[in-house]
Amino acid sequence: VSCLTRRSRGRNYEAELQKFRPEPFLVEFGEYHPLKPIMVTDTKTRRGARKGSTSSSSSSSSVPTDPLSSMLDGTDPLSMFAAASASEAPRMQHSTSAGDLGRRKRDKEEDPLGPDFEPWSSKRGEILARFTTTEKLSINLFMGSDKGKAPSPGSAVSEKVRTRLEELDDLEEGSQRELLNLSQQDYANRIEELNQSLKEAWAADQKVKALKIVIQCAKLLSDTSVIQFYPSKFVLITDILDTFGRLVYERIWTMCSDPRPLPDGFTVDDVNDTAKETCLNWFFKIASIRELLPRLYVEAAILKCNRFLSKTGIQEILPRLTAMIRGIGDPLVAAYARAYLCRVGMEVAPQLKDNLNRNFFDLLGTFRQISGENVQNQLVLQRVEVPEYLTLYSPAINWILQCIAYRAPEVNVSPCVHGSHSALLLNSVMRAFRPEFVAARATDFIAMIKDCDEAGFPKHLLFGSLGRSLACADPPESERLTILNEAWKVVTKVRSPQDYINCAEIWVEFTCRHFTKREVNTILADIIKHMTPDRAFEDAYPQLQSAIRKILLYFHNFSVLFSIERFLPFLDMFQKDSVRVEVCRSITDVFLKNQVEPTRDPVILNAMLHICKTMHDSVNALTLEDEKRSLALLIIGFIRMVSFGRDFEQQLSFCVEARATFCNLEPVLVQLIHTVNQLAMETRKVMKGNHSRKTAAFVRACAAYSFITIPSLSNIFSRLNLYLLSGQVALANQCLSQADAFLKAAVSILPEVPRSISVEGKFRSSENFLLDFINNFLATLLVVPDHPEHGVLYLVRGLLNMVQDYTWEDNSDAKVRVYTSALPLLAAMSQETYLYSIPKMDSNETLYGGDPKFLSEINKLCETLIGQILDHLKALSKDESIRRQGALAFSLFGVVLAHGDLRNNKLSQLSVNLWNLSHKHGYCETRMSVRTLECIKHQAQQHDMTHLTDVVQRLALQSRT
């Protein structure tokens, strides 16, 4: 019964391959093509016909049927949703409130400003981030009595905001409360709470209280005690004014929507008397505000409401409000008041350019106040330098100039930038006007920069603004070198490292965009010269990183990039580990995206090795696994882009250097081993099988590389698989001693395999991984010839001994599954001709030539294995193990059926017994059993397999009872 090998059937693999090859079928391609549309006949039954009769129509279509469309009955779910929404629309309109209708109508109004106008909202975040302070701030509230008014019921406001509202309600007539020692974030939070309280008061129909909140917030704009924060304060408080203006406008619009909503382009004649009276009442309330600044701001906030009162109201009010601003004594406060008036004016009447111009020239007239005693004393008191003070005007001036320049005819800016503080104005002009306008006149702007009176506004800031425009639009080609030279003459003379790098970083893009590596190298050398003393670069990492990004944006030829002499010294300024690694990441990432062909350029290789080594050296015991994996992927990508063509020795030398460089990243070592194995196979292909001494020596060197490197890996399965792979490569190159060493090393470390391993952060049993490896190992052993000094089948025996001694999990069948997998290998070894072999290498089929002693050793090993399997099946007779017993019996049955000679009665009886055992308790899958029987019956019809007919008759399907 156990003589599987002695009774294994002879196999003619070539004949079996031909027998089971699909039969060719003649196809007339004139009538058939796999891509030809399918003809579909669609029969539809018309509904609504008389009872008892049907009417159908058939149509043929050449459109291929879409399985997804057929599942949906041809209806797109999104179309169904749209159709449903359309059908619901009429019903929804009846339930829509007048306020919702008004809001919908307002949304349909034509926006007077086009998409080419940069809105205020896009500037808001930049101002808040730029103008900050560490000084303590204060909020001075002066509220009238508001007794007898209940708070809004059910208001969804936080407890903190609710407390603030109660504090506001408790203020007596004429009382004053000042919130002191607020940080910048606290100040912003308090302003947001006031904005929320405004909405809550409005929702509770406490309109007077809402107006008081807005008035008090507008008063805060007269406070310049922390002058560096004023632009950000302006942004925060005007948000409240915008909210108030929107609430008032929506309130009056809703009153006009009864009984029908206003048309899109309504006129004052369409507004009813009640809405007009309410609107006029709001303007009267605001006119009664005694202080100039809050009266100005609040009226400007509801400027749009003039549409309800007069056709020409806005044209008449804007000049009046502009004239009112002249009464504000502080030039900075006046500048931002003008900016706000221009902003609301652009929203409702952008065509009124005269008012914009009047505000601009009024602003110019206030500049003489900057050198006055009041402003200078204020700057001394707050310890603010004049250049820093002048930059506070930039957002206001930039906005006014943007409004003036919007869709305006070509203008000559020279007359506007003469006189005091012309540098500040010129800076705002370059920031506000379109980059194309500035770029086309770049030399004119440079001339104006030279001639302007700095008055505390440094010229390098002007060249910085010019550089920003030139980064977005190109100047005339003939002027570019002159522009760069003139700009750099000023930039390089800046003494402050921070001011210098802020400006130099802007011009790096212009240089990279229009010039060669020579000019870029000059710029980088100058930056190094300025930023190296006193380690000034440590305070300029963001600007230096920006410069690197701009260089990488324009230099995709890394041979040119790395030949820039000062590029790598520039990288050396990144001394902070995290920043240095981030820069190296960005360089490697751009390299992998743009380096299409493999390279052997020594300039690229040396530079990239240096960059990758920097990333590798940043890895330590605290580095997260995700970070290690990310860095390893970048380095692996670089290694894959290195190719020396047919200079295999040079390629191997590179791998040796890379191994020493990247020894701490295991995935990189794994990739290097794969690269070396691939290199060995490429050598074999190039030599076309001519196994010269030089080729053999090189392959042995590759094998030595892998044999030395693999033990350094910590992952046991990486070691096992690489030992096996390297052994297969050695076999393919006829290096038997090296292959033997790899395979023995793999067998020797099998006991080190743990019973559980971590996979994606979770511990899982290692059995399945180990079984997969052993099966691959067994498949390789078929072509491995026995070593003359180690006896017959020494590798097979060594593997099975390790499997026998391995500590498997409790109640595990893994060992028996290995034994079952070894039986087909032993059956294949007994054949006269092996299923596969390696060219120019003798396997055991040639060494032994069917020697009876060799077959006897195989037979003894088979007897031992089958005995072990049958003993294990007997031990699985308990109730909780019968399912496992059936599965193992069926697996062994398949092996006996495929490889055994069932003409032997004992072997035939063994197969029947295994079949019956696998079906004894009904756990075997019926479908699989039926298909197996059909396959056996099909084989029995072949002339040399008729003996299977008797076996099939003895195999019965049994069900669990």
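Residues numbered from 1 in each chain as written. Predicted model: local features only at pLDDT ≥ 70, side-chain atom pairs only at ≥ 80, totals over all residues. Heavy atoms only, no water.

Naming follows an unreviewed UniProt entry, where the protein appears as VPS35 endosomal protein-sorting factor-like of Takifugu rubripes. On record in UniProt, under Subcellular location (unreviewed entry), the comment for the protein is "Endosome". The protein has a UniProt comment under Sequence similarities (unreviewed entry) that states "Belongs to the VPS35L family." (UniProt positions renumbered as here; feature names shortened; annotations may be inferred.)

Novice: Go over the overall build of the protein with me, naming the residues and quoting the values.
Specialist: Within the protein, the regular secondary structure consists of 44 helices and six strands. Evaluated residue by residue, the protein yields a buried proportion of 47% over its 961 residues. Considering only contacts within the protein whose residues lie at least 6 apart along the sequence, 74% involve residues at least 24 apart. In the form shown here, the protein has an accessible surface area of approximately 49800 Å², with 51% of it arising from carbon and sulfur atoms. (Helix = DSSP H or I, 4+ residues; strand = E, 2+ residues; numbered from the N terminus. Buried < 20%, exposed > 50% of the residue type's maximum accessible area, 1.4 Å probe, protein only. Contact = heavy atoms within 4.5 Å. Areas by Shrake-Rupley, 256 points an atom, 1.4 Å probe, with all protein chains shown as cover.)

Novice: An account of the pattern of salt bridges is requested, with residue identities and associated values reported.
Specialist: Counted according to the given criterion, the structure contains 28 salt bridges. The salt bridge involving Lys233 is made with Asp223; its shortest N-O contact spans 3.6 Å. Of this pair, Lys233 sits in helix α9 (residues 230-256) while Asp223 sits in the loop between α8 (207-219) and α9, and the two are ten residues apart along the sequence. Classification of Lys233 as buried rests on a relative accessible area of 5%. Looking at Asp223, the relative accessible area reads 23%, which means it is partly exposed. When the shortest N-O distance is used, the salt bridge between Arg320 and Glu299 registers 2.3 Å. Taken together, the residues Arg320 in helix α12 (residues 313-325) and Glu299 in helix α11 (residues 292-301) connect sequence positions 21 residues apart. Given a relative accessible area of 37%, Arg320 falls into the partly exposed group. (Salt bridge = Lys/Arg side-chain N within 4 Å of Asp/Glu carboxyl O.)

Novice: So what's going on with the pairing of strand β5 (residues 756-759)? Residues and values would help.
Specialist: For β5 and strand β6 (residues 762-765), the ladder comprises four bridges, and the chain directions are antiparallel. Pairing of Ser758 across the sheet is with Phe763, part of β6. Counted along the chain from β5 to the antiparallel partner β6, the turn is two residues long, and its residue Glu760 has a positive phi close to 55 degrees. (Pairing = 2+ DSSP bridges.)

Novice: Before we move on, can you summarise unusual backbone geometry with the specific residues and values?
Specialist: Backbone geometry places Asp534, a non-glycine residue, at a positive phi of 55 degrees. Here Asp534 lies in the loop between α24 (517-531) and α25 (541-554). For Arg535, which is not glycine, the phi torsion reads 50 degrees and is therefore positive. Tracing the backbone through its elements, the reader meets Arg535 in the loop between α24 and α25.

Novice: Let's hear about the packing of aromatic side chains: which residues, and what values?
Specialist: Counted by the stated rule, this structure contains 41 aromatic pairs. Ring geometry for Tyr230 against Tyr336: centres 5.6 Å apart, planes inclined by 65 degrees, an arrangement best described as edge-to-face. Of the two residues, Tyr230 is situated in helix α9 and Tyr336 in helix α13 (residues 331-348); the sequence distance between them amounts to 106 residues. For Tyr336, a relative accessible area of 1% corresponds to the buried category. Their ring planes at 20 degrees and their centres at 6.1 Å tell us that Tyr541 and Phe574 sit as a pair that is stacked. Here Tyr541, found in helix α25, pairs with Phe574, found in the loop between α27 (567-571) and α28 (577-594); they are 33 residues apart in sequence, far enough to count as distant. The residues Tyr541 and Phe574 share a single accessibility class, namely buried. Clustering of aromatic rings is evident, with ring pairs tying together Phe117, Trp120, Tyr230, Phe234, Tyr297, Tyr336, Tyr340, Trp399 and Tyr406. When the ring centre of Trp202 is taken as origin, the NZ or CZ atom of Lys207, which lies over that ring, is 4.8 Å away. The lysine or arginine in question, Lys285, covers the ring of Trp282, its NZ or CZ lying 4.8 Å from the ring centre. (Phe/Tyr/Trp six-rings, centres within 6.5 Å; stacked < 30°, edge-to-face > 60°. Lys NZ or Arg CZ within 6 Å of the ring centre and 35° of its normal.)

Novice: How would you explain helix α15 (residues 373-382) if you had to name every residue and give the values?
Specialist: Of all the positions in α15, only Val375, Gln378, Leu379 and Gln382 are classed as buried. Along the axis of α15, the buried residues cluster in a sector spanning 100 degrees; they form a single face. More than 90 degrees from the buried face of α15, the exposed residues found are Glu373, Val380 and Leu381. (Arc of directions from axis to C-beta.)

Novice: Residues and numbers for the nonpolar core, please.
Specialist: For soluble globular proteins, nonpolar side chains are generally found buried alongside one another. The biggest cluster of nonpolar side chains holds 299 residues, and the ones touching the most others in it are Phe308, Tyr389, Trp507 and Ile527. Apart from the residues lying within four places of it in its own chain, the contact partners of Trp507 are Phe463, Gly464, Leu466, Gly467, Leu470, Ile483, Leu484, Ala487, Trp488 and Val491. (Core = buried A, V, L, I, M, F, W, Y, C linked by side-chain atoms within 4.5 Å.)

Novice: Break down helix α18 (residues 422-432) for me, with residues and values.
Specialist: Burial analysis of α18 places ten of its eleven residues in the buried class, which makes it a mostly covered element. Among the residues of α18, Ser422, Ala423, Leu424, Leu425, Leu426, Asn427, Ser428, Val429, Met430 and Ala432 are the ones counted as buried. Residues of α18 that are buried sit in contact with α14 (353-366), α16 (386-391), α17 (394-405), α19 (435-440), α20 (442-451) and α21 (459-472).

Novice: Quick one: what's the story with the packing of α11 against α13, residue by residue and with numbers?
Specialist: In contact at an axis separation of 9 Å, α11 and α13 are set at 15 degrees when each is read in the N-to-C sense. By the angle between their axes, α11 is roughly parallel relative to α13. As α11 runs across α13, the sense of the crossing is left-handed. Across the interface between the two elements, Leu293, Leu296, Tyr297, Ala300 and Ala301 from α11 touch Val333, Tyr336, Ala337, Tyr340, Leu341 and Val344 from α13. (Axes fitted to C-alpha atoms, helices over the stretch in contact; angles between N-to-C directions. Parallel < 35°, antiparallel > 145°, perpendicular 65-115°, else oblique. Left-handed = near helix turned anticlockwise from the far one by under 90°.)

Novice: Can you tell me about the side chain of Thr588, naming the residues and giving the values?
Specialist: Here Thr588 is to be found in helix α28. For Thr588, a relative accessible area of 0% puts it in the buried group. At a separation of 2.8 Å, a polar atom in the side chain of Thr588 contacts the main-chain carbonyl oxygen of Cys584. Aside from chain neighbours lying at most four places away, what touches Thr588 is Met608, Ile611, Met615 and Leu634. (Polar contact = N/O pair within 3.5 Å; in protein donor to acceptor, adjacent residues only side chain to side chain.)

Novice: I'd like a rundown of the packing of α13 against α17, residues and numbers included.
Specialist: In the contact formed by α13 and α17, the axes pass within 9 Å of each other and the chain directions differ by 30 degrees. In this structure, the crossing between α13 and α17 has a hand that is left-handed. Contacts between α13 and α17 involve Ala335, Tyr336, Arg338, Ala339, Cys342, Arg343 and Met346 on the former and, on the latter, Pro395, Ala396, Trp399, Ile400 and Cys403. Residues belonging to the contact of α13 with α17 are distributed by class as follows: ten nonpolar, no polar and two charged. (Nonpolar A, V, L, I, M, F, W, Y, C, P; charged D, E, K, R; others polar.)

Novice: Run through the environment of Lys937, naming residues and quoting values.
Specialist: Structurally, Lys937 is set in helix α43 (residues 926-940). On the basis of relative accessibility, which here comes to 45%, the residue Lys937 falls in the partly exposed class.

Novice: Describe the confidence of the model for the protein, naming the residues involved and giving the relevant values.
Specialist: Of the residues in the protein, 83% have a pLDDT of 70 or more, and the chain-wide mean is 83. Overall, residues 77-111 carries pLDDT values under 50, and its contacts beyond four positions in sequence, including any with other chains, amount to 23 contacts. (pLDDT = per-residue confidence, 0-100.)

Novice: Describe the environment of Arg326, and please don't skip the residues or the numbers.
Specialist: Checked against the element boundaries, Arg326 lands in the loop between α12 and α13. Overall, the relative accessible area of 49% leaves Arg326 in the partly exposed class. Considering only alpha carbons, one finds Arg326 and Leu363, 37 residues apart in sequence, at a separation of 9.2 Å. Sequence-distant contacts of Arg326, that is, excluding residues within four places in its chain, are made with Arg338, Arg358 and Asp362. A polar side-chain atom of Arg326 sits 3.0 Å from a polar atom in the side chain of Asp362.

Novice: Give a description of the side chain of Thr683 that names residues and reports values.
Specialist: Within the element layout of this structure, Thr683 appears in helix α32 (residues 666-687). A distance of 2.8 Å separates the side chain of Thr683 from the backbone oxygen of Leu679, its partner in a polar contact.

Novice: Would you mind going over the environment of Ile528 in detail, with residue names and values included?
Specialist: Inspection of the secondary structure puts Ile528 in helix α24. Spatially, the C-alpha atoms of Ile528 and Asp572 are 9.7 Å apart, while their sequence positions differ by 44 residues. With residues up to four places along the chain from it excluded, the contact list for Ile528 reads Pro533, Arg566, Pro569, Phe570 and Met573.

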